[in-house]
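Examining the three-dimensional arrangement
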Amino acid sequence: MLRIDFHVHTSHSFDGRISPEQLAALSKKTGVIPAITDHDGIGAHSEFRKFGVPFIPGEEIETAQGDFIGLFVNEPVKRGVDFYEALDSFRSQGAIPYAPHMFDSLRPGLAKEEYGRASDIIEVFNARSLERFDKKAEEFAKREGKPMAAGSDSHYPYEFGTTYTELNLSEDQLQPKPLLKALKNAKIVGKRTSLLKRKIAKYTGIYL
Ligand SMILES: [Zn+2]
């Protein structure tokens, strides 16, 4: 059984405050495996590998149509490209296209169903999103029969560890195919993070 948080930022994201070293320690402590999905870059992957802690190397890109994530990314994809160009780049390197916080109109979530249909995984719980947006994503994923996952969208250390997807998978099966298969019977565990706490962290630099 693995617990995976499919959406985590490190200090390699312009707005991330978790160093790869800190994330490795948090992962060991909580038993939650992170997908490292920094904005527009994969610089944290090589740094994180040094700690010998399992993770999914990913990237979150701001496409022209909204935020989009690739899981198991080796080659970074440039920001600002068209959704379908990013999709092609992910597919050509065997990465899994993952639609984060879809329909979230307060953030650049992909708004059209066609982008969700083109993705392999729909994020149906994002700890930073409002419940109504997540519900819409969940309804969509169920209707389309798409694998569903949860992501904390952590940028601060305190956000990591309480949102994850529980999968019947072993560490050595942490690969695209077995992962997609296991997601069919996965359990979503999510805890929403406080917007107030995030604002305080952003403007004062104080967080626990
Ligand atoms: Zn994110």
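This write-up is about the structure you can find in this document. (Residues numbered from 1 in each chain as written. Predicted model: local features only at pLDDT ≥ 70, side-chain atom pairs only at ≥ 80, totals over all residues. Heavy atoms only, no water.)

With that out of the way, let us pick up the overall build of the protein chain. When helices and strands are counted, the protein chain shows 7 helices and 9 strands. A principal-axis box enclosing the C-alpha atoms of the protein chain has dimensions of 40 × 35 × 30 Å. Looking at the protein chain residue by residue over its 208 residues, the buried ones come to 54%. In the protein chain, of all internal contacts separated by at least 6 residues, the share reaching a separation of at least 24 is 61%. On the protein chain, roughly 9700 Å² of surface is accessible, and the fraction owed to carbon and sulfur atoms is 51%. Separation of charge centres in the protein chain, based on 29 positive and 29 negative side chains, amounts to 5 Å. (Helix = DSSP H or I, 4+ residues; strand = E, 2+ residues; numbered from the N terminus. Buried < 20%, exposed > 50% of the residue type's maximum accessible area, 1.4 Å probe, protein only. Contact = heavy atoms within 4.5 Å. Areas by Shrake-Rupley, 256 points an atom, 1.4 Å probe, with all protein chains shown as cover. Lys, Arg positive; Asp, Glu negative; His and termini not counted. Charge placed at Lys NZ, Arg CZ, Asp CG, Glu CD.)

By the element assignment, A137 lies in helix α5 (residues 131-144). Excluding its chain neighbours within four sequence positions, the residues that come into contact with A137 are M102, F103, I122, E123 and V124.

It is worth spelling out the pairing of strand β7 (residues 148-151) at this point. Sheet analysis places strand β6 (residues 121-126) next to β7, joined by 4 bridges and oriented parallel. Residue pairing in the sheet places N126 in a bridge with G151 of β7. This β-α-β element, β6 to α5 to β7, shows right-handed connectivity. (Pairing = 2+ DSSP bridges. Right-handed = clockwise from strand over helix to strand, strands pointing away.)

On to the packing of aromatic side chains. All chains considered together, the criterion is met by 10 aromatic pairs. Between F48 and F51, the aromatic rings sit 6.3 Å apart at their centres with planes inclined by 75 degrees, giving edge-to-face as the arrangement. On the accessibility criterion, F48 (0% relative accessible area) is buried. Since its relative accessible area comes to 27%, F51 is described here as partly exposed. Positioned above the aromatic ring of F133 is the side chain of R132, whose terminal nitrogen or guanidinium carbon lies 4.7 Å from the ring centre. (Phe/Tyr/Trp six-rings, centres within 6.5 Å; stacked < 30°, edge-to-face > 60°. Lys NZ or Arg CZ within 6 Å of the ring centre and 35° of its normal.)

A few words now on the pattern of salt bridges. Under the criterion given, the structure shown has 13 salt bridges. We note a salt bridge from K135 to E138, for which the minimum N-O separation is 3.5 Å. Linking K135 with E138, this pair stays in helix α5, spanning 3 residues, or about one helical turn. (Salt bridge = Lys/Arg side-chain N within 4 Å of Asp/Glu carboxyl O.)

Its place among the elements puts D134 in helix α5. Residue D134 is classed as buried on the basis of its relative accessible area, which comes to 4%. Sequence-distant contacts of D134, that is, excluding residues within four places in its chain, are made with V124, F125, N126, S129 and R192. A distance of 3.1 Å separates a polar atom in the side chain of D134 from the backbone nitrogen of N126. (Polar contact = N/O pair within 3.5 Å; in protein donor to acceptor, adjacent residues only side chain to side chain.)

Turning our attention to the coordination of the zinc ion. Around a metal, the ideal angle is 109.5 degrees if four donors adopt a tetrahedral arrangement and 90 or 180 degrees if six donors adopt an octahedral arrangement. Bound to the zinc ion on the protein side are H7 (NE2), H9 (NE2), E60 (OE) and D153 (OD), at distances that span 2.1 to 2.3 Å. Here the zinc ion binds 4 donor atoms, and the angle range of 79 to 171 degrees at the metal identifies the geometry as irregular. Residue H9 is classed as buried on the basis of its relative accessible area, which comes to 0%. (Donors = N, O, S within 2.8 Å, 3.2 Å for Na, K, Ca; no water. Tetrahedral: all angles 85-135°; square planar, octahedral: opposite > 155°, others 65-115°.)

So, on to helix α1 (residues 20-30). Three or more residues of α1 are buried, namely P20, L23, A24, L26 and S27. Relative to the axis of α1, the buried residues are bounded by an arc of 165 degrees and lie together on one face. In this structure, α1 carries E21, K28 and K29 as exposed residues pointing more than 90 degrees from its buried face. Positive phi appears at G31, one or two residues downstream of α1, with a value of about 75 degrees. (Arc of directions from axis to C-beta.)

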